[in-house]
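# Geometric and topological summary
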Amino acid sequence: MRDVMRAPLAGYKLVAYTSKSALVPEKYVQADPDVATVSDTLWRNPENGFCLYGTHVQLKNITLKNGKSFELNDVVRGGFAGKSVEAAYFFSNHPRAARETEVVFRIGRTFTSVRHMPGDSALPKLPSKANEKPIAIHDHEAAVNDNWVDFTTDVNPQDPDGTSYPYTSTLYVKAECATAEPREYEGAIRLRSTGQGQDAIEISLPGYAPPGAIISQ
């Protein structure tokens, strides 16, 4: 695996790193609630005043109460309202090793994660009225929300569709930031299973965000 603390762009220096466990809500727990390890990394470029917020998730092969393993369909980061952002991901696919890392299928500035099933359009529709829920299961709609960046993927160590990958790509959001001390904001990272054969589940975690961020959902 690539070092998740290595800066992906020249001029950026590591200023903060945390590794935390992701615990599913109690009602889904069979024996162990700890379904993933989440790496949260912050780099800053002192010359241009921008920061990079990096996320990497490793799922564990934990069986939930429904008899299935937790599937990660969306990783969502908050705290970017009013800021221009750039988003990217790094996908590791070493030619001489078994593939373990899943790609990112779409990235959007939205709070809502949309389930994608066979026959659905590649991109969700804009809703006809404001309705910002965490997971859209039936209406395939997501409102634009500049406070959030949603990375859609498909990570599951025992995926019934046969594509079983335990790692996300390394996910990056670039945004202007101040020189204040790094701070974690409650709920700034959301891990979501959108119900593609599994239960619809959200796990909320603290995460780094630009100074003064408001995590409104």
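Quick summary incoming for the structure in this document. As the structure is a computational prediction, the values presented were derived from the model and not from experiment.

## Some thoughts on the overall build of the protein
- Each helix and strand in the protein was counted, giving 0 helices and 12 strands.
- Put simply, the protein runs from its N terminus to its C terminus through helices and strands in the order β-β-β-β-β-β-β-β-β-β-β-β.
- Relative to a compact globule of 217 residues, whose C-alpha radius of gyration would be 17 Å, the protein shows 17 Å and is just as compact.
- Across the 217 residues in the protein, those meeting the buried criterion constitute 47%.
- Counting only contacts in the protein whose residues sit at least 6 apart along the sequence, the fraction spanning at least 24 positions is 69%.

## Points about the environment of Ser216
- Along the chain, Ser216 turns up in the segment after strand 12 (200-208).
- The sequence separation of Ser216 and Gly79 amounts to 137 residues, and the corresponding C-alpha distance is 8.4 Å.
- Excluding anything up to four places from it in sequence, Ser216 contacts Asn147 and Trp148.

## So, the nonpolar core
- Within the largest apolar cluster, 33 residues are counted, with the highest numbers of intra-cluster contacts made by Phe70, Leu191 and Ile203.
- Mapped by element, the contributors of at least two residues to this core are strand 1 (13-23), strand 2 (34-45), strand 3 (50-59), strand 4 (72-78), strand 9 (148-155), strand 10 (170-176), strand 11 (184-194) and strand 12.
- In this structure, Val76, Ala188, Ala213 and Ile215 belong to the second largest nonpolar core, which totals 8 residues.

## Section: the pattern of salt bridges
- Taken as a whole and judged by the stated rule, the model has 7 salt bridges.
- Between Lys20 and Asp40 there is a salt bridge, with the nearest N and O atoms lying 3.7 Å from each other. Of the two residues, Lys20 is situated in strand 1 and Asp40 in strand 2; the sequence distance between them amounts to 20 residues. Of the two residues examined, Lys20 and Asp40, each falls in the buried class.
- A salt bridge links Lys60 to Asp34; the shortest N-O distance between them is 2.8 Å. With a gap of 26 residues between them, Lys60 in the loop between strand 3 and strand 4 and Asp34 in strand 2 connect regions that are remote in the sequence.
- Overall, the relative accessible area of 29% leaves Lys60 in the partly exposed class.

## A short note on the sheet that holds strand 12
- Spatially, 6-9-4-11-12 is the arrangement adopted by the 5 strands of the open sheet, whose pairing is antiparallel. The strands lining the two open edges of the sheet, one partner per strand, are strand 6 (106-108) and strand 12. Each strand axis lies, on average, 20° off the axis of its neighbour in the sheet, ignoring direction.
- By the bridge criterion, 6 bridges tie strand 4 to strand 9 in an arrangement that is antiparallel.

## Thoughts on the side chain of Arg192
- Position of Arg192 among the secondary structure elements: in strand 11.
- For Arg192, a relative accessible area of 0% puts it in the buried group.
- Within polar-contact distance, the side chain of Arg192 engages the side chain of Glu202 at 2.8 Å.

## Points about the sheet that holds strand 10
- Read from one edge to the other, the open sheet built from 5 strands follows the order 1-2-3-10-5, with strand pairing classed as antiparallel. Of all the strands in the sheet, just strand 1 and strand 5 (85-90) have a single pairing partner and so form its edges. Put simply, the sheet's adjacent strands are angled 20° from each other on average, direction ignored.
- Here strand 3 pairs with strand 10 via 6 bridges, running antiparallel. What sits directly across from Tyr53, in strand 10, is Val173.

Cut-off values and rules
- Residues numbered from 1 in each chain as written.
- Predicted model: local features only at pLDDT ≥ 70, side-chain atom pairs only at ≥ 80, totals over all residues.
- Heavy atoms only, no water.
- Helix = DSSP H or I, 4+ residues; strand = E, 2+ residues; numbered from the N terminus.
- Rg over C-alpha atoms; globule rule 2.2 N^0.38 Å.
- Buried < 20%, exposed > 50% of the residue type's maximum accessible area, 1.4 Å probe, protein only.
- Contact = heavy atoms within 4.5 Å.
- Core = buried A, V, L, I, M, F, W, Y, C linked by side-chain atoms within 4.5 Å.
- Salt bridge = Lys/Arg side-chain N within 4 Å of Asp/Glu carboxyl O.
- Pairing = 2+ DSSP bridges.
- Axes fitted to C-alpha atoms, helices over the stretch in contact; angles between N-to-C directions.
- Polar contact = N/O pair within 3.5 Å; in protein donor to acceptor, adjacent residues only side chain to side chain.

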